[in-house]
Amino acid sequence: MTNAARIPATIITGFLGAGKTTLLRHLLETARGKRLAIIVNEFGSVGVDGEVLRSCGIESCPEENIVELSNGCLCCTVAEDFIPTMQALIDRDTPPEHILIETSGLALPKPLVKAFDWPSIRSRLTVDGVIAVVDAPAVAEGRFADDPEAVARQRAEDPSVDHDNPLAEVYEDQLMAADLIVLNKTDLISSDAGERLKRDVLAIVPRAVKVVAAQEGRVDADVLLGLGAAAEDDLAARPSHHDALDGAHEHDDFESFVVAVSEIGDPAELLARLRAVAEAHDVLRIKGFVPVTGKPLRLAVQGVGARFRSTFDRPWPNGVRQGHIVVIGERGLDRAAIEDQILG
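Residues numbered from 1 in each chain as written. Predicted model: local features only at pLDDT ≥ 70, side-chain atom pairs only at ≥ 80, totals over all residues. Heavy atoms only, no water.

### Looking at the side chain of D135
Positionally, D135 belongs in strand β5 (residues 125-135). Classification of D135 as buried rests on a relative accessible area of 6%. At a separation of 3.2 Å, a polar atom in the side chain of D135 contacts the main-chain amide nitrogen of A138. Here K185 takes part through its side chain, which lies 3.1 Å from a polar atom of the side chain of D135. Setting aside residues no more than four positions away along its own chain, D135 makes contact with G17, A18, N184, K185, V304 and R307. (Helix = DSSP H or I, 4+ residues; strand = E, 2+ residues; numbered from the N terminus. Buried < 20%, exposed > 50% of the residue type's maximum accessible area, 1.4 Å probe, protein only. Polar contact = N/O pair within 3.5 Å; in protein donor to acceptor, adjacent residues only side chain to side chain. Contact = heavy atoms within 4.5 Å.)

### Observations concerning the pairing of strand β10 (residues 297-304)
Every other side chain in a regular strand lies on the same face of the sheet, so the side chains alternate between the two faces. Within β10, seven of the eight residues are buried, leaving the element largely enclosed by the surrounding structure. Here strand β9 (residues 285-290) pairs with β10 via six bridges, running antiparallel. Its bridge partner being in β10, G288 is matched across the sheet by V301. Between the antiparallel neighbours β9 and β10 lie six residues, among them G294 with a positive phi of about 80 degrees. As judged from the seven bridges shared by β10 and strand β11 (residues 307-315), these two strands associate in the antiparallel manner. When the bridges of β11 are listed, V304 appears paired with R307. Between β10 and β11, which follow one another and run antiparallel, lie two residues, and G305 among them has a positive phi close to 60 degrees. (Pairing = 2+ DSSP bridges.)

### Notes on the confidence of the model for the protein chain
Should the pLDDT be low somewhere, the predicted coordinates at that spot are not to be read in detail. Summary statistics for the protein chain give a mean pLDDT of 80 and a share of 77% for residues scoring 70 or more. Per-element mean pLDDT across the protein chain ranges from 44 in helix α7 (residues 148-157) up to 97 in strand β6 (residues 180-184). Below a pLDDT of 50 lies the segment residues 43-50, which in the model reaches 39 contacts outside its immediate sequence neighbourhood of four places, other chains included. Confidence over residues 52-57 falls short of pLDDT 50; this stretch has 21 contacts with residues more than four positions distant or in other chains. (pLDDT = per-residue confidence, 0-100.)

### As for the packing of aromatic side chains
Here the structure, examined in full by the defined rule, presents zero aromatic pairs. When the ring centre of F312 is taken as reference, the NZ or CZ atom of K295 above it lies at 5.6 Å. Above the ring of F289, the side-chain terminus of R298 is found at 3.7 Å from the ring centroid. (Phe/Tyr/Trp six-rings, centres within 6.5 Å; stacked < 30°, edge-to-face > 60°. Lys NZ or Arg CZ within 6 Å of the ring centre and 35° of its normal.)

### Some points on helix α11 (residues 267-281)
Look at α11: 21 Å from first C-alpha to last across 15 residues, which is about the 21 Å you get at 1.5 Å a residue. Turning to α11, its buried residues number three or more, namely L270, L271, R273, L274, V277 and A278. Along the axis of α11, the buried residues cluster in a sector spanning 160 degrees; they form a single face. Pointing more than 90 degrees away from the buried face of α11 are the exposed residues A268, E279 and A280. Residues of α11 that are buried in the fold lie against β9, β10, β11, β12 (323-330) and α12 (335-343). (Expected span 1.5 Å × (residues − 1). Arc of directions from axis to C-beta.)

### Let's talk about the environment of G329
When you line up the elements, G329 lands in strand β12. Taking the relative accessible area as the measure of exposure, G329 reaches 0% and is therefore buried. Separated by 46 residues in sequence, G329 and V283 place their C-alpha atoms 4.9 Å apart.

### Some points on the pattern of salt bridges
Applying the stated criterion across every chain yields a total of 15 salt bridges. The salt bridge partner of R238 is D179, with a shortest N-O separation of 2.7 Å. Of the two residues, R238 is situated in the loop between α10 (221-224) and β8 (254-261) and D179 in the loop between α8 (166-176) and β6; the sequence distance between them amounts to 59 residues. By the burial criterion, R238 is buried, and D179 matches it. Several salt bridges share partner residues, and in doing so they unite D179, R207, D234 and R238 into one network. (Salt bridge = Lys/Arg side-chain N within 4 Å of Asp/Glu carboxyl O.)

In structure tokens:
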């Protein structure tokens, strides 16, 4: 069967807070009626990104076409979760014309690409492309950029020290699997910094890929879809730090937990507390929904590092105004102190 006869799927990867969900929502708005299905994978027991997408109200992607897989990284649960979900989508009486897969920020895309070689779905699906979304200001600040020469010197001076950086490995694996790289939030850095970042990104990827700059994830569907990469047939060109482990990696480097939040009166005060938490405890990602006194809509909060944004997005499901904040970081977070600070 040719690629044209198979349903195309796009894998959207990128580190925590890079803007994958924002990019995906804009893609839905510019898909011009194409019948889409979305699989959203989150690291943590309470989903947020799927709820953001469900509020978009776009006819070509109704709520029943948004499937959320929580509390398990797709790259580690391919057989248990991913394959059955894909089969259920393509077995529908009216299957989607294109499937969009948003991975968690901690996922490696290559094991997902490999999954499209499974006999039960290979004849019916193809990977149209892997899109890596990069948080331009975070990377420009050096959050995931190690100095190889400095690390080599430190290893020589003290071979017993482990200088492995799991964050950098995840970031680089996502780039090396990509067919298209989106440098997001470029309005937050200078043009010179943007050019340096583009050169740094291309130096990581061992093959020619297209790099586009974006603000607020605004990249049209015409650019993101129809890449025709057939990535499942091109695995050798997508190296990974974890190839020797057959794609396995440890999520013990990271942890997440949920803080229940009651109704608040002042969103600005909450955002100030969350910003202080992120700075004091080196939290990678904070996101969630909070009820605000006198407001019928939920306050959706999204933060990466100390940068936060919030918006009132939609009414509370079933009228239950119970807020929650998801906190994600490297293992060793002081949960009690963070909860106390968030709750004020």
